[in-house]
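What follows is the residue order along each chain.
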Amino acid sequence: MVTTKFKFIYSCLAVFVLNGFSLCAQTAATVNSEMSIANTIGDADLIWHKAPDFFPNCSFTILNGDISKPNLDLFFKIEPNTDVISHTHNSPERMVLITGELEVTYEGEPTRIIKPGSYLYGPARKPHKAKCLDSGPCVLFIALVAPFDANPTE
């Protein structure tokens, strides 16, 4: 009798373990079906869009995501000697300057000169302005948590 109970428990355990491995394999296959992405600012297949009119001489290209949905990655280009007016976003911004030198001022903070390779975090809804200096164009990689928006404060 003990042997029969042991065999039953062992059989149930074996079925559970094998099904568990099968489910894990299906999940891994689903996760691995997403394609990786690798882009540089000069890639010919990137589509650059004109930024809103209050950002003259600026353009952007979407790298990953949808502009109207959360979790968006993009390149934002500012031509040399161009001012970006004070504005806010509903999303925090995580940025890395790829090219150029960018002068950035967040409300209540000192102005900073950002150089290529620098990381910059911008809090949600905090007014800020920028100027691409003459070594531009300035290209930023920007990651947004919330859908894209830009709200002028001037």
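Above this text you will find the structure in question.
Residues numbered from 1 in each chain as written. Predicted model: local features only at pLDDT ≥ 70, side-chain atom pairs only at ≥ 80, totals over all residues. Heavy atoms only, no water.

Next up on the list: the environment of Phe141. Turning to its location among the elements, Phe141 is positioned in strand β10 (residues 138-144). On the basis of relative accessibility, which here comes to 25%, the residue Phe141 falls in the partly exposed class. Along the backbone, Phe141 and Met95 are 46 residues apart, and their C-alpha atoms lie at a distance of 5.4 Å. When near neighbours in sequence (up to four residues on either side) are disregarded, Phe141 contacts Leu63, Asp73, Leu74, Phe75, Arg94, Met95, Val96 and Ile98. (Helix = DSSP H or I, 4+ residues; strand = E, 2+ residues; numbered from the N terminus. Buried < 20%, exposed > 50% of the residue type's maximum accessible area, 1.4 Å probe, protein only. Contact = heavy atoms within 4.5 Å.)

Before going further, it helps to examine the nonpolar core. Formed by 23 residues in total, the largest nonpolar core has its most connected members in Phe76, Ile78 and Leu102. Sorting the residues of this core by element identifies β2 (58-64), β3 (72-78), β5 (93-99), β6 (102-106), β9 (128-132) and β10 as the ones contributing at least two each. Ignoring any residue separated from it by four or fewer positions in sequence, one finds Phe76 in contact with Ala51, Phe55, Cys58, Ser59, Phe60, Cys138, Val139, Leu140 and Ile142. (Core = buried A, V, L, I, M, F, W, Y, C linked by side-chain atoms within 4.5 Å.)

Under the counting rule described, the total for this entry stands at two cavities of 30 Å³ or more. Taken as a whole, the largest cavity holds about 220 Å³ of empty space. Contributing to the lining of the largest cavity are 19 residues, with His87, Glu93, His128, Leu140 and Ile142 lying nearest its centre. Elements that contribute at least two residues to the lining of the largest cavity include exactly β3, β4 (82-88), β5, β6, β9 and β10. Considered class by class, the residues forming the lining of the largest cavity number 15 nonpolar, three polar and one charged. Quantified by volume, the second largest cavity comes out at close to 40 Å³. (1 Å grid on protein atoms, 1.4 Å probe; cavity = no way out; pocket = protein on both sides within 12 Å on 5 of 7 lines; lining within 4 Å. Points joined across faces, edges and corners; volume = space filled by probe spheres on them. Nonpolar A, V, L, I, M, F, W, Y, C, P; charged D, E, K, R; others polar.)

Right, let's talk about the state of the cysteines for a bit. In total, this model carries one disulfide according to the counting rule given. Bridging Cys132 to Cys138, the disulfide has an S-S length of 2.3 Å. The sign of the 90 degrees torsion about the S-S bond sets the Cys132-Cys138 disulfide as right-handed. Taken as a pair, Cys132 and Cys138 share a single burial class, namely buried. Free cysteine Cys58: the closest other cysteine sulfur is in Cys132, separated by 8.6 Å. (Disulfide = S-S within 2.5 Å.)

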